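So you can see what is in the structure, the chains are spelled out below.
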Amino acid sequence: MFMTDQMSRLRPVFAWAALGVLVAAGAAQSAAALREAEPISPDAKTAQQMFADAPDGVDPIVTGPVSAAFKQRQKAADCDSAVWPNVPAVCYPD
């Protein structure tokens, strides 16, 4: 009976410890993805150069599935606030 009481008191401790491990693993994975994001080169082609036949602009909105690395590149290039014609080429999928 004594062993059962100890286990019931330790069960929440084990649950919180497991949750902590999962959160730490997720944070480590996110940090690794951020480090792997490619730096934006200053001499990269602009969207205006890439889409010269679209004088009114092309929105960098992706409607299909994309990789986590692509989403990180978009976030690093601040694509959400980019305004035509100053949209970095990294905002568009390859």
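Draft legend 1. The arrangement of the confidence of the model for the chain in detail. Of the residues in the chain, 73% reach a pLDDT of 70 or more, and the chain-wide mean stands at 74. Across the chain, element-level confidence peaks in helix 3 (residues 68–76) with a mean pLDDT of 88 and bottoms out in helix 1 (residues 2–36) with 71.

Draft legend 2. Quick peek at helix 3. Listed in full, the buried residues belonging to helix 3 are Phe-70, Arg-73 and Gln-74. Buried residues of helix 3, viewed axially, fall in a sector of 100°; they line one side. Opposite its buried face, helix 3 presents the exposed residues Ala-68, Lys-71, Lys-75 and Ala-76, each directed more than 90 degrees away. Taken from the residues just after helix 3, Asp-78 is the one with a positive phi, measuring 55°.

Draft legend 3. Representation of the environment of Asn-86. Among the structural elements, Asn-86 can be located in the segment after helix 3. Along the chain, Asn-86 and Gln-48 lie 38 residues apart, while their C-alpha atoms are 7.4 Å from each other.

Draft legend 4. Seen up close, the state of the cysteines. What the rule picks out here adds up to one disulfide. Each sulfur of the disulfide joining Cys-79 and Cys-91 lies 1.8 Å from the other. Note on the Cys-79 and Cys-91 pair: the S-S dihedral is about -90°, so by sign convention the disulfide is left-handed. Of the two residues, Cys-79 sits in the segment after helix 3 while Cys-91 sits in the segment after helix 3, which places them 12 residues apart along the sequence. The buried category is assigned to Cys-91, whose relative accessible area is 0%.

Conventions used here
Residues numbered from 1 in each chain as written. Predicted model: local features only at pLDDT ≥ 70, side-chain atom pairs only at ≥ 80, totals over all residues. Heavy atoms only, no water. pLDDT = per-residue confidence, 0-100. Helix = DSSP H or I, 4+ residues; strand = E, 2+ residues; numbered from the N terminus. Buried < 20%, exposed > 50% of the residue type's maximum accessible area, 1.4 Å probe, protein only. Arc of directions from axis to C-beta. Disulfide = S-S within 2.5 Å.

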